[in-house]
Amino acid sequence: MFQSVFQRHWNPYVVLIVAGLLSALYFGLTSTVWAVTGEFTRLGGEILQVFGVDVSGWEYYQMVKLDGSTWTRPDGWIVWGMFIGALMMVLLSNSFKVRLPQQKRRYVQGFVGGIIAGFGARLALGCNLAAFFTGVPQFSFHSWIFIVATGIGTFFGAKLTKMRWWKGKPSLARGAGKPSVAKTRVIQPYVGGAIALVYLGFVVYLFSTGQKLLGLGALFGLAFGVLIERGQICFTSAFRDLFLVGRSLMTKAIIIGMAASSLTTFIVISVYGLTPITQIAALSTLVGGVLFGLGIVMASGCETGMMYRLMEGQVLFLPVFAGNVIGATVLAYGWDNLGIYDVLVQGGDKINLIATLGPAGAILSTLVMLGVLYALTVYRERSYHRNFELKRGVA
């Protein structure tokens, strides 16, 4: 049982369905959604304040509510809980190892990609979570614009990363005469177990002291971190692998997870009378989605992929994380100071499918659009493999 839970990665279909159900439950309990880049933006604002920069007058920070600190916000504990949950599972599976990229240029590429992705995500008011995986189940029309735009950006990002000047010269290493014997890192599971006990104790403390929202953020963040690491959930690979090698497993799993979350969220909204979270659908959504798709491919990981890979010891994703925070902060500055809102956002509107089409129309149209997306994914997979077989036959 230990081996099946900790030594093998979990089925992405199961993981994403569970994540979708948990995100709907989290919305029902808190009236907020599973998201990360909004907190990255606030974190950037806090860092600026440490250096004496007054960000209180920036309209973007007024909109995303830069109150308190990252330790006193439920969204903050969603993020840190995800990091801790991912690290805990990495250690329990005995798989933490410091890994350096073979080429130093990857640090620069990852950093720049992180900046572009962070900027694009906050321009679109959400990343692969709030504007995608948890945005669609909120029936916010801006999520569908973001999905199409991210696909476009990822397509061009995949083309970019295939270019020789991007990849650089291959690094060759002399092979060892004998296969190396892996050292057993027996200490890791114990450290992972200790972290789990301490963190769960902290969650109990939050609930026992009446800090319910912080406790829920910390608890659900931990669960999401466990899921993304065990399922190796990365939206970058979902798009990129579909374009490059016709691999569709992650893409199909994400779609199924969104369908499960949409049905559950619809029930939560209907039963408890909650107001779905709707973001502005505007030119900014399209531009931000394209930049986000391009950036995550350049960085080799979206926000979720970056988080668990960093916890695995992949040093490349440290500059990716820093780039995300910087890009989101630059957008917060440019929102009103550089006229981004006036040019790209002002003409938009908040469109929710429930208000526009009615409850039945909203859930039906969402499931139909997800079905179309699934069918296009299968078509792309089959056409790629068909073309590959034809090329191999000609060769």
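Numbering of residues starts from 1 in each chain and follows the order in which that chain's sequence is written. Where local features are concerned, this predicted model is filtered to residues with pLDDT of at least 70; where side-chain atom pairs are given and counted, the filter is 80 or more; whole-chain, interface and lining totals use all residues. For the side-chain quantities, the full set of heavy atoms in the structure was used; hydrogens and water were omitted.

- The name that an unreviewed UniProt entry assigns to the protein is Selenium metabolism membrane protein YedE/FdhT, with the source organism given as Marinobacter vinifirmus.
- UniProt positions are given in the numbering used here, feature names are shortened, and annotations may be inferred rather than shown by experiment. We quote the UniProt Sequence similarities (unreviewed entry) comment for the protein here in full: "Belongs to the TsuA/YedE (TC 9.B.102) family."
- The heading Subcellular location (unreviewed entry) in the UniProt record of the protein holds the text "Cell inner membrane".

### Looking at helix α8 (residues 142-161)
- End to end, α8 covers 28 Å across 20 residues, agreeing with the expected 28 Å (1.5 Å per residue, within 8%).
- Here's how the labels work: a residue is buried when its accessible area is under 20% of the maximum for its type, exposed when over 50%, partly exposed in between, all with a 1.4 Å probe on protein chains only. Secondary structure elements follow DSSP: runs of H or I no shorter than four residues count as helices, runs of E no shorter than two count as strands, and numbering proceeds from the N terminus. Counting buried positions over the 20 residues of α8 gives 14, a clear majority of the element. Between the first and last residue of a helix there are one fewer steps than residues, each counted as 1.5 Å, and that sum is the expected span.

### Describing unusual backbone geometry
- Here the phi dihedral of F139 falls at roughly 65°; this positive angle occurs in a residue that is not glycine.
- As for its placement among the helices and strands, F139 is situated in the loop between α7 (129-133) and α8.

### So, the pattern of salt bridges
- The term salt bridge refers to a side-chain nitrogen of Lys or Arg lying within 4 Å of a carboxyl oxygen of Asp or Glu. Inspection of the entire model under this criterion finds eight salt bridges.
- With a closest N to O distance of 2.5 Å, R73 and E46 form a salt bridge. Note that R73 is positioned in the loop between α4 (59-63) and α5 (74-92) and E46 in helix α3 (residues 37-50), a separation of 27 residues in sequence. The pair formed by R73 and E46 is uniform in burial state, with each residue classed as buried.
- For D241, the salt bridge identified is with R247, shortest N-O distance 3.2 Å.
- In this structure, a network of salt bridges that share partners links the residues E39, R42, E46, R73 and D75.

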